[in-house]
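Close look at the chain arrangement
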Amino acid sequence: MNTVQLECFVAVAEHLNFSKASRELKITQPAVTHQIQALEEELNVKLFTRTSRSVSLTQEGVLFLPDAQLMLRTAMSARERLGRQEHFLPFELGCHNSMEVELLPEVLKKLLEEFPLLRPSIRMVPFPSLLGQVENSQLHCALGIGGARRSSALAFREVCTAPIACICAEGHPLSGYRTVTRSGLTGNMIACSPRQIPDSVFTVQNSIITGLDPEQRFFTENIESTLALVKAGLGYTLYPDVRPARKPGLCYIPVKNLPGVSFGVYYRYQQEEPVLKRFLSLFSSYMKEAQKTSRSGDAESK
């Protein structure tokens, strides 16, 4: 296995097109095909399914993609570090969605001031895979909802408690309420794939949507798609309200009789890296201040 094979695999996986991958890599299409065939022979699996009209990843290809990306990043980082004779500090962060990513810029800015050689990387990974990558040291830490630990190797630092909120568009019939009860939820509901949301949230969404008529149910692949449909006025959804991650143009209404969830950072026990320790401290402080500012803004607007 070499970096040329990995680069060919990742390029085809991203484009799902051998011609586009060959143009990006500036090598011939037969060369791309040869490199992937050699990689498949070494791994003893098929990575792609090809027809006359389309290219798609096999299940094995989907599983191998994050490993291939990690190996390429590691190789690139090593070349850069050795070439410049500098001791860069890689810092791999995991998130589930774009809302969590939006919480990071201010914290990373401060972290880079203290560690100028830091090389942070942010990866968005589905829920079933994210904690496994932290446990296997592919990620230094990951943002997420508490209560999802499946291994004693993982620690969790809570940074806030988030109520389950009814999220709807401005002008939606529910948007005028300050709070709502579960029985008061009316109209179409938009639910997200269980691969993209915490089990505790999916359980709540599922318990409500199963009681609705078929024409009132909408399903999406990820939370970004869910919120886009909500903003379009197709219905409401239920999701933890992490105030600093709120999307503009939407109303967040606490559901009174649903328990809140813990939001924070997962990391491995007994990790002594100074960067991770400082990140945890900065992120906790940022979230505390951002929550306070958000509440003050809500109070002034009432």
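Going by the structure above, here's the rest.
Worth saying up front: this structure is predicted, and the values here are computed from it rather than measured. (Residues numbered from 1 in each chain as written. Predicted model: local features only at pLDDT ≥ 70, side-chain atom pairs only at ≥ 80, totals over all residues. Heavy atoms only, no water.)

Considerations on the overall build of the chain
- The secondary structure content of the chain amounts to ten helices and twelve strands.
- Its C-alpha atoms give the chain principal-axis dimensions of roughly 60 × 50 × 35 Å.
- Burial statistics for the chain: of 302 residues in total, 43% are counted as buried.
- Put simply, 73% of the contacts in the chain that link residues at least 6 apart link residues at least 24 apart.
- When the accessible surface of the chain is split by element, carbon and sulfur atoms take 52% of a total near 15,900 Å².
- With 33 positive and 30 negative side-chain charges, the chain shows a spacing of 3 Å between the two charge centroids. (Helix = DSSP H or I, 4+ residues; strand = E, 2+ residues; numbered from the N terminus. Buried < 20%, exposed > 50% of the residue type's maximum accessible area, 1.4 Å probe, protein only. Contact = heavy atoms within 4.5 Å. Areas by Shrake-Rupley, 256 points an atom, 1.4 Å probe, with all protein chains shown as cover. Lys, Arg positive; Asp, Glu negative; His and termini not counted. Charge placed at Lys NZ, Arg CZ, Asp CG, Glu CD.)

Here's the deal with the pairing of strand β12 (residues 261-268)
- Taking burial as the measure, the eight residues of β12 include seven buried ones, the bulk of the element.
- Pairing geometry for strand β6 (residues 154-162) and β12, over eight bridges, is antiparallel. When the sheet's bridge partners are listed, C160 is paired in β12 with F263. (Pairing = 2+ DSSP bridges.)

Notes on the pattern of salt bridges
- A full pass over the atoms with the stated rule returns four salt bridges.
- In this structure, the salt-bridge partner of K46 is E40, at a minimum N-O distance of 3.5 Å.
- Note that E92 and R73 form a salt bridge whose closest N and O atoms lie 3.7 Å from each other. Remark: R73 occurs in helix α4 (residues 59-84) and E92 occurs in strand β3 (residues 89-95); sequence separation between them is 19 residues. (Salt bridge = Lys/Arg side-chain N within 4 Å of Asp/Glu carboxyl O.)

A word on the packing of aromatic side chains
- Scanning the entire structure with this criterion turns up six aromatic pairs.
- Considering the side-chain rings of F9 and F64, the 5.2 Å spacing of their centres and the 45° angle between planes classify their relative orientation as tilted. Taken together, the positions of F9 in helix α1 (residues 3-15) and F64 in helix α4 put the pair 55 residues apart, joining distant regions of the chain.
- Given the relative accessible area of 11%, F64 is considered buried.
- Seen from their ring centres, F156 and Y266 are 4.7 Å apart, and the 50° between their planes marks the pair as tilted. Of this pair, F156 sits in strand β6 while Y266 sits in strand β12, and the two are 110 residues apart along the sequence. Of the two residues, F156 and Y266, neither departs from the other in class, the shared state being buried.
- In textbook terms, an aromatic cluster arises when at least three aromatic residues are bridged by ring pairs, as seen for F9, F18, F48 and F64.
- The ring of F18 carries R50 above its face, with NZ or CZ at 3.8 Å from the centroid. (Phe/Tyr/Trp six-rings, centres within 6.5 Å; stacked < 30°, edge-to-face > 60°. Lys NZ or Arg CZ within 6 Å of the ring centre and 35° of its normal.)

A few points about the side chain of S22
- With respect to the helices and strands, S22 occurs in helix α2 (residues 18-25).
- Residue class for S22 comes out buried when judged on its relative accessible area of 8%.
- A polar contact is formed between the side chain of S22 and the backbone oxygen of S19, at a distance of 2.7 Å.
- Leave out the neighbours within four places in its chain, and S22 touches I27, T28, Q29 and V32. (Polar contact = N/O pair within 3.5 Å; in protein donor to acceptor, adjacent residues only side chain to side chain.)

Considering the packing of α1 against α2
- Orientation of α1 relative to α2, taken along the N-to-C sense of each, is 130°, at an axis distance of 8 Å. Considering their axes alone, α1 and α2 lie oblique with respect to each other. Helix-helix and strand crossings are classified by hand; for α1 and α2 the assignment is right-handed. Touching E7, C8, A11, V12 and H15 of α1 are F18, K20, A21, E24 and L25, all from α2.
- Of the residues in the contact of α1 with α2, the class split is six nonpolar, one polar and three charged. (Axes fitted to C-alpha atoms, helices over the stretch in contact; angles between N-to-C directions. Parallel < 35°, antiparallel > 145°, perpendicular 65-115°, else oblique. Left-handed = near helix turned anticlockwise from the far one by under 90°. Nonpolar A, V, L, I, M, F, W, Y, C, P; charged D, E, K, R; others polar.)

Things to note about the nonpolar core
- By size, the foremost hydrophobic cluster in this structure holds 61 residues, and its most contacted members are L238, F263, F279 and F283.
- When residues in this core are grouped by element, the largest group, seven residues, is from helix α10 (residues 274-301).
- Excluding its chain neighbours within four sequence positions, the residues that come into contact with F283 are L103, L104, V107, L143, V159, F263 and V265.
- One finds V12, L39, L65 and L72 within the second-largest nonpolar core, a separate group that totals 19 residues. (Core = buried A, V, L, I, M, F, W, Y, C linked by side-chain atoms within 4.5 Å.)

Comments concerning the side chain of Q138
- If you trace the backbone, Q138 turns up in the loop between α7 (127-135) and β5 (141-145).
- Here D67 takes part through its side chain, which lies 3.0 Å from a polar atom of the side chain of Q138.
- When near neighbours in sequence (up to four residues on either side) are disregarded, Q138 contacts D67, L70, E92, R123 and Q133.

Thoughts on helix α3 (residues 29-43)
- Between its terminal C-alpha atoms α3 stretches 21 Å, which fits the 21 Å expected from 15 residues at 1.5 Å a residue.
- Turning to α3, its buried residues number three or more, namely V32, T33, Q35, I36, L39 and E40. Around the axis of α3, the buried residues are gathered within 165° of arc, so they sit on the same side. Seen from the buried face of α3, the exposed residues on the opposite side, beyond 90 degrees, are P30 and E41. (Expected span 1.5 Å × (residues − 1). Arc of directions from axis to C-beta.)

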